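This is what each chain is made of:
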Amino acid sequence: MATRRTRAKHQSPTPATEPAAEATRRKLLDSAAEVFAEIGYHRATIREICARAGVNGALVNYHFGDKLELYAQVLQRLISTARIETVRAALNQKAPPETILREVIKARLRGVAAGDQHGWLFRILAHEIAQPTPAMTRIVNSVSRPIYNQLCEVTGALIGLPATDEQTRLCAHSIMGQVIIYVLAGPLLSRLWPDLKMTPEQVDRIADHVTEFSLAYLRQARGAIRRNRK
């Protein structure tokens with residue numbers, strides 16, 4: 001009898017248990033994303049995350065090892081669903097820099113408006129700005145830095161300066177800021193402007209405005225740079 005129990009203990013999970021385990025893991029990731037978005041990594045507790053997920057506290061260690069790894073996987077999961085691939089595709093297309101910039105801005109804003117989980121991501125990033133974690137370094141190096149470098153290349157092409165030039169970076173940051181405000185300050189903006197619904201049609205109008213606003217300055221800057229060179 002003991003031998004049977006030992007064998008059963010070491011057997012692989014049956015097909016019936018595997019979906020249950022995956023469902024538990026998904027619940028933990030969803031609950032963790034919500035908690036991390038509300039109060040940040042440092043204030044979040046395993047107890048609160050598991051309570052919201054309705055699971056035993058030991059399951060975080062079983063599925064993820066520790067809170068930091070859970071946090072890293074939450075970030076990775078949210079980024080993977082935030083239309084980052086659409087942004088990459090816009091940056092990698094063979095088109096004039098003006099077209100690339102317009103498509104990048106549109107893709108990023110459409111990702112913001114796509115669902116609540118994208119709001120979770122940027123609220124987590126807001127906490128990261130105040131209190132960085134080791135997990136963020138992974139995300140910066142694997143996701144943010146390549147996109148940032150490509151945006152600087154597009155911006156540099158528009159004003160006629162290298163991607164690493166200070167003015168190029170400042171212009172790229174200004175473009176980023178016009179998009180990020182709809183992410184981090186979305187709830188505030190919707191109170192100040194109740195007609196801000198972030199519908200697909202409105203998002204496209206916002207994207208066009210941000211693009212035209214940015215291009216107007218970039219064209220002016222390019223002209224000034226050319227005159228200074230003469």
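To be clear, the structure that these remarks concern was listed above.
Residues numbered from 1 in each chain as written. Predicted model: local features only at pLDDT ≥ 70, side-chain atom pairs only at ≥ 80, totals over all residues. Heavy atoms only, no water.

Draft legend 1. Quick peek at helix α9 (residues 134-159). Here α9 contains 26 residues, and its C-alpha end-to-end distance of 35 Å stays within 8% of the 38 Å for a straight helix at 1.5 Å per residue. The largest bend in α9 amounts to roughly 50° and is located at Val140. Positive backbone phi, at 80°, marks Gly160, one or two positions downstream of α9. (Helix = DSSP H or I, 4+ residues; strand = E, 2+ residues; numbered from the N terminus. Expected span 1.5 Å × (residues − 1). Bend = angle between axes of the 7 residues up to and from the residue.)

Draft legend 2. Spatial organisation of the pattern of salt bridges. Scanning all chains against the criterion turns up ten salt bridges. Arg77 is paired through a salt bridge with Asp30; the nearest N and O atoms lie 2.7 Å apart. Of this pair, Arg77 sits in helix α5 (residues 67-80) while Asp30 sits in helix α2 (residues 17-43), and the two are 47 residues apart along the sequence. Given a relative accessible area of 26%, Asp30 falls into the partly exposed group. Between Glu212 and Arg102 there is a salt bridge, and its shortest N-O distance comes to 2.3 Å. One end of the pair, Glu212, is in helix α12 (residues 200-229); the other, Arg102, is in helix α7 (residues 97-113), and 110 residues separate them in sequence. (Salt bridge = Lys/Arg side-chain N within 4 Å of Asp/Glu carboxyl O. Buried < 20%, exposed > 50% of the residue type's maximum accessible area, 1.4 Å probe, protein only.)

Draft legend 3. Representation of the packing of α9 against α12 in the model. Put simply, α9 and α12 touch, their axes get as near as 8 Å, and they point 55° apart. Considered as vectors, α9 and α12 are oriented oblique to each other. Contact residues: Thr155, Ala157, Leu158 and Ile159 in α9; Leu215, Leu218, Ala221, Arg222 and Ile225 in α12. Grouping the amino acids of the contact of α9 with α12 by side-chain chemistry returns seven nonpolar, one polar and one charged. (Axes fitted to C-alpha atoms, helices over the stretch in contact; angles between N-to-C directions. Parallel < 35°, antiparallel > 145°, perpendicular 65-115°, else oblique. Contact = heavy atoms within 4.5 Å. Nonpolar A, V, L, I, M, F, W, Y, C, P; charged D, E, K, R; others polar.)

Draft legend 4. Focus on a nonpolar patch on the surface. On the surface, a cluster of nonpolar side chains totalling about 280 Å² of accessible area is made up of Ile129, Ile180 and Leu184. For Ile180, the location among the structural elements is in helix α10 (residues 166-184). (Patch = residues over 30% accessible without salt bridge, like charges linked within 9 Å, V, L, I, M, F, W, Y side chains within 5 Å. Areas by Shrake-Rupley, 256 points an atom, 1.4 Å probe, with all protein chains shown as cover.)

Draft legend 5. Up close: the packing of aromatic side chains. Applying the stated criterion to the full structure yields three aromatic pairs. Ring centres 6.0 Å apart and planes at 35° place the aromatic pair Phe36 and Tyr41 in the tilted group. Pair check on accessibility: Phe36 and Tyr41 agree, each one buried. Ring geometry for Tyr41 and Tyr71: centres 4.8 Å apart, planes at 50°, overall tilted. Residue Tyr41 is located in helix α2, and its partner Tyr71 is located in helix α5; the two are separated by 30 residues in the primary sequence. Across this residue pair, the class does not change: Tyr41 and Tyr71 are buried. Three or more aromatic residues joined by ring pairs make a cluster, and in this case those are Phe36, Tyr41 and Tyr71. (Phe/Tyr/Trp six-rings, centres within 6.5 Å; stacked < 30°, edge-to-face > 60°.)

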